[in-house]
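If you want the building blocks of each chain, they are given just below.
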Amino acid sequence: MSEQGSVLVTGAGGVIGSAAADEYATAGRRVRGLSRRAPREDAGWEHLAVDLRDADAARDGLAAAGDTTHLVFGAYAERPTAAELSEVNVGMLRNTLDGLAAAGAPLEHVTLYQGGKAYGAHMGFFNTPAKERDPRIVQPNFYYDQEDLLREVAAERGFRLTVLRPEGVIGYAVGNPMNLLMVIAVYAAISKELGQPLRFPGSLAAYDALYQVTDAELLARATVWAGSEPAADGEVYNVTNGDQVRWRHLFPAFARAFGMEHAEPQPVPLVEAMAGRRDVWERLAARHDLLPTPFEDLVGWEFGSFIFNSGFDNVTSTIKLRQAGFADCLDTEDRFVELFGQLADRRVVPPLR
């Protein structure tokens, strides 16, 4: 890995991008992070506000990143249909690559993130443990379109690439809806304020199904590894904490962490139920002087509802990654509890006890 150039992280305001930017900055690299929101005050990297959806804006904004050797692509835009998802997300990747080329960046490596949708996890049951060599599903998928574009451009321009596939990423990031950590923490805080025990809010099938989680900091370490490991060139790797969990076992531990009673699961339509609890959260935020975050930006309840009602095993194999030399792993239960404490310490959620 070149020690002279800089690292560009798109989506640096998200749970994945912010961790990757922090990891590279800690390693002593110059890091620029692209995000719609300004970074937190203690971020150790330079912020760029660039609209990657607009080719001209991307070209102009990325002119300041002409020394970029490593691109970490974590930008994502939600859209209602598969075609629209592909159009906007492939477009952002293309605009980023073209903007860096126009700036004369000596690009050496690109890390692209995917996820369980590559195996059809969003559609229902899929073969587990899923392996990177498994065939693509027939349904259109923006992951495939982005990867095809990236491989085509890499072959033309001579840079390396690695695709990483995490699942259920958890970590510190405020205002990022696809963060299971915030779903659970805010749901628990509201339940506690209402004097209720902590109940799993999904289906009984999901309560007992096997699941995997990826810690954002572990994923960031895998990102740095992939950017410097020649053997990772052109490869796709599943990246998870390394263990399998069941919500049946985790929710009692979560209840203990929050100083709550635990009760049997009870299905709750989170999107509808939590929409009516804004006043409860605002009361908690005022009482505990929490960081000001609009309630609608706090949690992606729809994302949480999907995960908690997925009544099938969601397990991917990480053998390929470990055989390649990245053997980092974490205990998911311990990491959840540790991160809950960090959220409380940073005044993102109320004190745990």
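The sections below set out a description of the structure shown in this document. Everything quoted here is computed from the prediction, not taken from an experiment.

Side chains that differ in sign of charge can pair as their charged atoms come close. All told, the structure shown has 19 salt bridges when counted by the stated rule. A salt bridge links R248 to D208; its shortest N-O distance comes to 2.5 Å. Of this pair, R248 sits in helix α8 (residues 247–257) while D208 sits in helix α6 (residues 204–208), and the two are 40 residues apart along the sequence. Between E282 and R278 there is a salt bridge, and its shortest N-O distance comes to 3.9 Å. Here E282 and its partner R278 are both found in helix α10 (residues 278–288), four residues apart, which amounts to about one turn of the helix. A single network of salt bridges, built from pairs that share partners, joins R30, R32, E46 and D67.

The final tally for this structure, using the stated rule, is one cavity of 30 Å³ or more. Here the largest cavity defines a volume of roughly 60 Å³. Contributing to the lining of the largest cavity are A206, A209, L210, Y211, W247, I307, S310, F312 and N314. Looking at the lining of the largest cavity, its residues break down into seven nonpolar, two polar and no charged.

Let us look at the nonpolar core. Within the largest apolar cluster, 49 residues are counted, with the highest numbers of intra-cluster contacts made by L180, W247, W281, F308 and F336. Secondary-structure elements contributing two or more residues to this core are α5 (180–193), α6, α8, α9 (270–275), α10, α11 (295–298), α12 (301–308) and α14 (332–345). In this structure, F336 is in contact with I170, L181, I184, V213, W247, L250 and F254, ignoring residues within four places of it in sequence.

Now for the side chain of S35. Note on placement: S35 falls in the loop between β2 (31–34) and β3 (46–48). Judged by its relative accessible area of 10%, S35 is buried. Within the structure, the side chain of S35 is placed 3.0 Å from the side chain of H47, a separation counted as a polar contact. In this view, S35 contacts A12, G13, H47, L48 and A49; residues no more than four positions away in its chain are not counted.

Moving on, we get to the packing of aromatic side chains. For the structure on display, the rule yields 20 aromatic pairs. Counting every residue linked through ring pairs, the aromatic cluster contains F200, Y207, Y211, W247, F251, F254, F258, F308, F336 and F340. Stacked on the ring of Y237, the Lys or Arg K320 has its end atom at 5.3 Å from the ring centre. In this arrangement the basic side chain of R346 is found over the ring face of Y172, its NZ or CZ atom lying 4.0 Å from the centre.

For the rest of this paragraph, the subject is the side chain of S18. Looking at the secondary structure, you find S18 in helix α1 (residues 15–26). Reaching out from S18, the side chain makes a polar contact with the backbone oxygen of G14 at a distance of 2.7 Å.

On to helix α3 (residues 82–102). Owing to its 3.6 residues per turn, the α-helix aligns residues three or four sequence positions apart on the same side. The end-to-end C-alpha separation of α3 is 30 Å, in line with the 30 Å expected for 21 residues at 1.5 Å each. Following α3 by one or two positions, G104 has its phi on the positive side, about 75 degrees.

Turning our attention to the sheet that holds strand β9 (residues 235–238). Either a parallel or an antiparallel arrangement is found when strands of a sheet pair, and the pairing is made through backbone hydrogen bonds. The parallel open sheet is built from seven strands, whose spatial order is β3-β2-β1-β4-β5-β6-β9. The open sheet has two free edges, formed respectively by β3 and β9, since each of these has just one partner strand. Geometrically, the sheet is characterised by an average inter-axis angle of 20 degrees between neighbouring strands, direction not taken into account. Sitting on the sheet, α3 touches β1 (6–10), β4 (68–73) and β5 (109–113), and the angle it makes with β4 is about 175 degrees.

Looking at the secondary structure, you find F254 in helix α8. A relative accessible area of 0% places F254 in the buried class. Put simply, F254 and I184 are 70 residues apart on the chain and 8.6 Å apart in space, counted from C-alpha to C-alpha. Among residues more than four places away in sequence, those in contact with F254 are I184, L198, W247, F336 and F340.

Bringing α12 into the picture now. For α12, the buried fraction is high: six of the eight residues fall into the buried class. The set of residues buried in α12 consists of W301, F303, G304, S305, I307 and F308. Against α5, α6, α8, α9 and α11 lie the buried residues of α12.

Turning to the pairing of β5, a few remarks are in order. Of all the five residues making up β5, five are buried; the element is thus mostly covered by neighbouring parts of the structure. Where burial is concerned, the two faces of β5 agree: the one with H109, T111 and Y113 and the one with V110 and L112 are both buried. Inspection of the sheet shows β4 paired to β5 by four bridges, in the parallel sense. Bridge assignment links L71 to a residue of β5, and that residue is V110. Chirality of the crossover, the property in question, places the unit of β4, α3 and β5 among those that are right-handed. In this fold, the crossover linking β5 to strand β6 (residues 160–165) by way of helix α4 (residues 142–157) has right-handed handedness.

Take the packing of α5 against α12 next. Two numbers describe how α5 lies on α12: the axes approach to 9 Å, and their chain directions differ by 95 degrees. In this view, α5 runs roughly perpendicular relative to α12, as classed from their interaxial angle. Between α5 and α12, the residues in contact are L180, V183, I184, V186 and Y187 and W301, F303, G304, I307 and F308, respectively. Partitioning the contact of α5 with α12 into residue classes produces nine nonpolar, one polar and no charged.

Parameters at a glance
Residues numbered from 1 in each chain as written. Predicted model: local features only at pLDDT ≥ 70, side-chain atom pairs only at ≥ 80, totals over all residues. Heavy atoms only, no water. Salt bridge = Lys/Arg side-chain N within 4 Å of Asp/Glu carboxyl O. Helix = DSSP H or I, 4+ residues; strand = E, 2+ residues; numbered from the N terminus. 1 Å grid on protein atoms, 1.4 Å probe; cavity = no way out; pocket = protein on both sides within 12 Å on 5 of 7 lines; lining within 4 Å. Points joined across faces, edges and corners; volume = space filled by probe spheres on them. Nonpolar A, V, L, I, M, F, W, Y, C, P; charged D, E, K, R; others polar. Core = buried A, V, L, I, M, F, W, Y, C linked by side-chain atoms within 4.5 Å. Buried < 20%, exposed > 50% of the residue type's maximum accessible area, 1.4 Å probe, protein only. Contact = heavy atoms within 4.5 Å. Polar contact = N/O pair within 3.5 Å; in protein donor to acceptor, adjacent residues only side chain to side chain. Phe/Tyr/Trp six-rings, centres within 6.5 Å; stacked < 30°, edge-to-face > 60°. Lys NZ or Arg CZ within 6 Å of the ring centre and 35° of its normal. Expected span 1.5 Å × (residues − 1). Pairing = 2+ DSSP bridges. Axes fitted to C-alpha atoms, helices over the stretch in contact; angles between N-to-C directions. Right-handed = clockwise from strand over helix to strand, strands pointing away. Parallel < 35°, antiparallel > 145°, perpendicular 65-115°, else oblique.

Interpretation in functional terms is not warranted from these geometric data alone.
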